[in-house]
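One letter stands for each residue in the lines below.
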Amino acid sequence: MKRIIFALCLLIAVTSCVSKKKYMVAENGRLAALSRERVLNRNLGQQKDEIAKLKQQITDLMSDTTRLGQAIRDYRKSLYSNLSEQEKLNMLLKEKMEKLSEREATINKLQAEVDAQNARLQSLLNSVKDALLGFSSDELTVTEKNGKIYVAMSDKLLFESGSAQVNKQGKEALGKLAEVLKKQHDIDVFIEGHTDNKPIKTVQFKDNWDLSVVRATSVVRILTKDYGVNPLQILPCGRGEFMPVDNNESVEGRAHNRRTEIIMAPKLDKLMDILK
């Protein structure tokens, strides 16, 4: 019995000791949290005061701006009222001449940039023609229209009938074109797949539109992965049968409409900056 009483006393003593330590830790944490709360509240109050000051400064500045604007308008009105008609006309003429000079300067900048764009476009056109010189006109054509260069490659140059896999001859043509594109950093390139109006439906392709999209993507992969053209410059899309260049009623016309067009368009960032 004495042993049991001793064990109970020992257990109570140990439990009391542990609880006191936990209490002290919790109390210290509570006091630290209260201290942190007071600091945060003080900082919050300071920030609110600063925001209020800034708002007042904004209000004062807006008020000053309004007063200054009115003062300028009153000054101009007073100035014009004290001038003779001839002086008024001379001032108006001077203002018009200054505006005209500004517009002429802008027009000159635009014209200079347009001339530079045309020179770059002509240089690009010549480079593309030289690179693709070995191919016949029924395999591909190179034209310039509306400030863009169009390289139209026939299906027989690139693909087998109903296929989106570029053949050996097509890869050779794309490789020659890629050498030109890799030297051009200020153009956008659009790859457009086109078909005739003869319906196609296979396991791989649902319709002509589907085929034209996949063919354009196949060309993009070869240009970017095989030949290192910057993928940020190239955008593939499929036009299907909806942009024919010839009549789909004849065999020759349908052959012309089955093509992949590589369109090169110079970027107009500088022109847009001038216009802004």
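Thresholds, definitions, all that
- Residues numbered from 1 in each chain as written.
- Predicted model: local features only at pLDDT ≥ 70, side-chain atom pairs only at ≥ 80, totals over all residues.
- Heavy atoms only, no water.
- Pairing = 2+ DSSP bridges.
- Helix = DSSP H or I, 4+ residues; strand = E, 2+ residues; numbered from the N terminus.
- Axes fitted to C-alpha atoms, helices over the stretch in contact; angles between N-to-C directions.
- Contact = heavy atoms within 4.5 Å.
- Expected span 1.5 Å × (residues − 1).
- Buried < 20%, exposed > 50% of the residue type's maximum accessible area, 1.4 Å probe, protein only.
- Polar contact = N/O pair within 3.5 Å; in protein donor to acceptor, adjacent residues only side chain to side chain.
- Phe/Tyr/Trp six-rings, centres within 6.5 Å; stacked < 30°, edge-to-face > 60°.
- Lys NZ or Arg CZ within 6 Å of the ring centre and 35° of its normal.
- Core = buried A, V, L, I, M, F, W, Y, C linked by side-chain atoms within 4.5 Å.

Enquirer: Explanation requested: the sheet that holds strand β2 (residues 148-154) in the structure shown.
Expert: The strand order across the open sheet built from five strands is β1-β2-β5-β3-β4, with neighbouring strands paired in mixed fashion. Looking at the sheet topology across the chains shown, the edges are occupied by β1 (140-145) and β4 (234-240). Across the sheet, the mean angle separating the axes of adjacent strands is 20 degrees when strand polarity is ignored. As defined by bridge partners, β2 adjoins strand β5 (residues 259-266) across six bridges and the pair is classed as antiparallel. What sits directly across from A152, in β5, is E261. Here helix α4 (residues 168-181) sits on the sheet in contact with β2, β3 (187-194) and β5, set at roughly 5 degrees to β5.

Enquirer: I keep staring at the pairing of β1 and nothing clicks. Help me out?
Expert: If a strand is regular, its side chains alternate between the two faces of the sheet. Summarising the sheet, β1 and β2 pair through six bridges and their orientation is antiparallel. Considered in β2, the bridge of K145 is made with K148. Linking two consecutive strands that pair antiparallel, namely β1 and β2, is a turn of two residues; a positive phi of about 55 degrees is found at N146 within it.

Enquirer: Just to check I follow, could you spell out helix α5 (residues 208-226) for this structure?
Expert: It helps to recall that an α-helix has 3.6 residues per turn; residues three or four apart then point in one direction. Here α5 contains 19 residues, and its C-alpha end-to-end distance of 26 Å stays within 8% of the 27 Å for a straight helix at 1.5 Å per residue. All buried positions along α5 are accounted for by N208, L211, S212, R215, A216, S218, V219, V220, I222, L223 and T224. Buried residues along α5 sit against α3 (155-158), α4, β3, β4 and β5. Among the residues of α5, the N-terminal cap falls to D207, whose side-chain oxygen and the backbone nitrogen of W209 are separated by 3.2 Å. Remark: G228 follows α5 within two positions and exhibits a positive phi of approximately 75 degrees.

Enquirer: How should I be thinking about the packing of aromatic side chains in this particular structure?
Expert: Describing an aromatic ring pair means giving the distance of the ring centres and the angle of the ring planes. By the definition in use, this model includes one aromatic pair. Between the aromatic rings of W209 and F242, the centroid separation amounts to 5.0 Å while the plane-to-plane angle is 55 degrees, which identifies the pairing as tilted. In this pair, W209 sits in helix α5 while F242 sits in the loop between β4 and α6 (251-257), placing the two residues 33 residues apart along the sequence. Since its relative accessible area comes to 54%, F242 is described here as exposed. Over the ring of Y150 we find K145; its NZ or CZ atom is 5.1 Å from the centre of that ring.

Enquirer: Which parts of the structure should I look at to understand α4?
Expert: Under the 1.5 Å per step criterion, the end-to-end length of α4 is 20 Å for 14 residues, consistent within 8% with the ideal 20 Å. Buried within α4 we find G170, A173, L174, G175, L177, A178, V180 and L181. Contacts made by the buried residues of α4 are with α2 (85-131), β2, α3, β3, α5 and β5. Looking at where α4 begins, the residue whose side-chain oxygen comes 3.2 Å from the main-chain nitrogen of Q169 is N167.

Enquirer: How should I be thinking about the nonpolar core in this particular structure?
Expert: Where a protein is soluble and globular, its nonpolar side chains tend to be buried together. Counting residues in hydrophobic clusters, the biggest one holds 33 residues, and the most contacted among them are V128, M153, L174, I191, L223 and M264. Among the elements of the structure, α2, β1, β2, α3, α4, β3, α5 and β5 are those that each provide at least two residues to this core. Residue contacts for M264: discarding those within four places in its chain leaves L124, V128, K148, I149, V151, L177, L181, I187, D188 and V189.

Enquirer: What's the story with the environment of R120 in this structure? I'm lost.
Expert: Examined against the element boundaries, R120 turns out to sit in helix α2. Taking the relative accessible area as the measure of exposure, R120 reaches 32% and is therefore partly exposed. Between the alpha carbons of R120 and P266 there is a distance of 8.2 Å; along the sequence they are 146 residues apart. When neighbours within four sequence positions are excluded, R120 is seen to be in contact with E113 and D186. Within the structure, the side chain of R120 is placed 3.2 Å from the side chain of Q117, a separation counted as a polar contact.

By themselves, these are just geometric observations and shouldn't be taken as functional.
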